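Notes for the structure review
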Amino acid sequence: MDKEMFTFYKNALSDNLCDEYKGYWRGANDDKKKLVSLSLIQQSIPFFASYAYNGKGLSREYLLEEFTDYINGKETLYDCDGVHGFSYQLYVDYKGDCVDLQSDVSHFMWCDGLTIEVGETKCPTIYISNKSKVNLVCLGYNNVRVYMFDESELTIDDCDEESSVTILKYSDKCKVGKSKFCFSDKIKEHEKTLRL
């Protein structure tokens, strides 16, 4: 375990990381793919995102250097939550203009000016963290769930009237906007309390 990963692990232990995750972490210690899979378990994403934002977790630079083969659309991971066939992706400081979202669960960290495009009849879960500023386009009958953290921003650019978007904001600093092409009246925002 290198210095940055060890510091993250030490910080997590000092904050009472549960025994189950200690075991997962030790089992994945020397396998980068397993570590990314661990970070994409839906119960661990809020922890992973918040620690990075607060400077107690892994840095953007570290993730870009050490995990380049597994982020930004280069690798789709499966069954992270133990749900057979579910797909997962992690995007870190992604420089592309648009992501044609194909995975069931996606986490966007430090992304700015990115458009997330959800194709027809998709029901993805999207996590947005670390001051990301992203746009969302829903192209057809969709049921999208978005979890937002820290100072992240979401603009719903285009949303078919048949689509629904449920947004759960875990910080009062999160911002949500809608463009004139957002035709759905099924967009709901909820304020939530972050408990790690």
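First, a word on what this report is: a plain description of the structure on this page. Chains are numbered independently. Their residues run from 1 in the order of the written sequence. Local features in this predicted model are restricted to residues whose pLDDT is 70 or higher, and side-chain atom pairs enter the listing and the counts only when it is 80 or higher, whereas totals over whole chains, interfaces and linings include all residues. Side-chain numbers come from the whole structure's heavy atoms, not from hydrogens or water.

Looking at the side chain of serine 163
Each helix is a run of H or I in the DSSP string that is no shorter than four residues. Each strand is a run of E no shorter than two, and both are numbered from the N terminus. Mapping serine 163 onto the fold places it in the loop between strand 9 (153-159) and strand 10 (164-169). Relative accessibility under 20% of the residue-type maximum defines a buried residue, over 50% an exposed one, and the middle range a partly exposed one, all with a 1.4 Å probe and only protein chains included. On the basis of relative accessible area, serine 163 is assigned to the buried category, the value being 0%. Any two residues whose heavy atoms approach within 4.5 Å are treated as being in contact. When sequence neighbours within four positions are dropped, the list of residues in contact with serine 163 reads Cys138, Gly140, Tyr141, Asn142, Ser184 and Lys186.

Details of the packing of helix 1 (residues 3-14) against helix 2 (residues 19-28)
The geometry of helix 1 relative to helix 2 is characterised by a closest axis approach of 11 Å and an angle of 165° between their N-to-C directions. As the angle between them shows, helix 1 and helix 2 are arranged roughly antiparallel. Note on packing geometry: the crossing formed by helix 1 with helix 2 is left-handed. Residues Met5, Phe8, Tyr9, Ala12 and Leu13 of helix 1 form the contact with helix 2, whose own contacting residues are Lys22, Trp25 and Arg26. Helix axes are fitted to C-alpha atoms over the stretch in contact, other axes to C-alpha atoms as well, and angles between N-to-C directions run from 0 to 180 degrees. Small angles under 35 degrees read as roughly parallel and large ones over 145 as roughly antiparallel, with 65 to 115 read as roughly perpendicular and the rest as oblique. The hand of a helix crossing depends on one turn: near helix anticlockwise from the far one by less than a right angle means left-handed, and clockwise means right-handed.

Remarks on the environment of leucine 139
Along the chain, leucine 139 falls in the loop between strand 7 (133-138) and strand 8 (143-148). With relative accessibility at 43%, the residue leucine 139 sits in the partly exposed group. Separated by 17 residues in sequence, leucine 139 and lysine 122 have C-alpha atoms that sit 9.3 Å apart. If we ignore the near neighbours within four places in the chain, the residues touching leucine 139 are Glu117, Val118, Gly119, Glu120 and Asp160.

Observations regarding the layout of surface pockets
Of the pockets and cavities examined, the largest pocket occupies roughly 230 Å³. Around the largest pocket, the lining residues are Asp15, Asn16, Leu17, Cys18, Tyr21, Gln43, Ser44, Pro46, Phe47, Tyr51, Arg195 and Leu196. Here the lining of the largest pocket takes three residues from helix 4 (residues 45-53), the largest share from any one element. Throughout, the ten residues Ala, Val, Leu, Ile, Met, Phe, Trp, Tyr, Cys and Pro are labelled nonpolar, Asp, Glu, Lys and Arg are labelled charged, and all others, Gly among them, are labelled polar. In terms of residue class, the lining of the largest pocket is made up of seven nonpolar, three polar and two charged. A 1.4 Å probe that fits but cannot get out identifies a cavity on a 1 Å grid over protein atoms alone, an open set with protein on both sides within 12 Å along at least five of seven lines counts as a pocket, and a residue lines either if it has an atom within 4 Å of a point. Grid points are joined across faces, edges and corners, and a volume is the space filled by probe spheres set on the points. As a volume, the second largest pocket reaches approximately 160 Å³. If you trace the second largest pocket, you find it lined by Tyr24, Ala28, Lys34, Ser37, Leu38, Ile41, Gln43, Cys80 and Asp81. Contributing elements (two or more residues each) for the lining of the second largest pocket: helix 2 and helix 3 (32-39).

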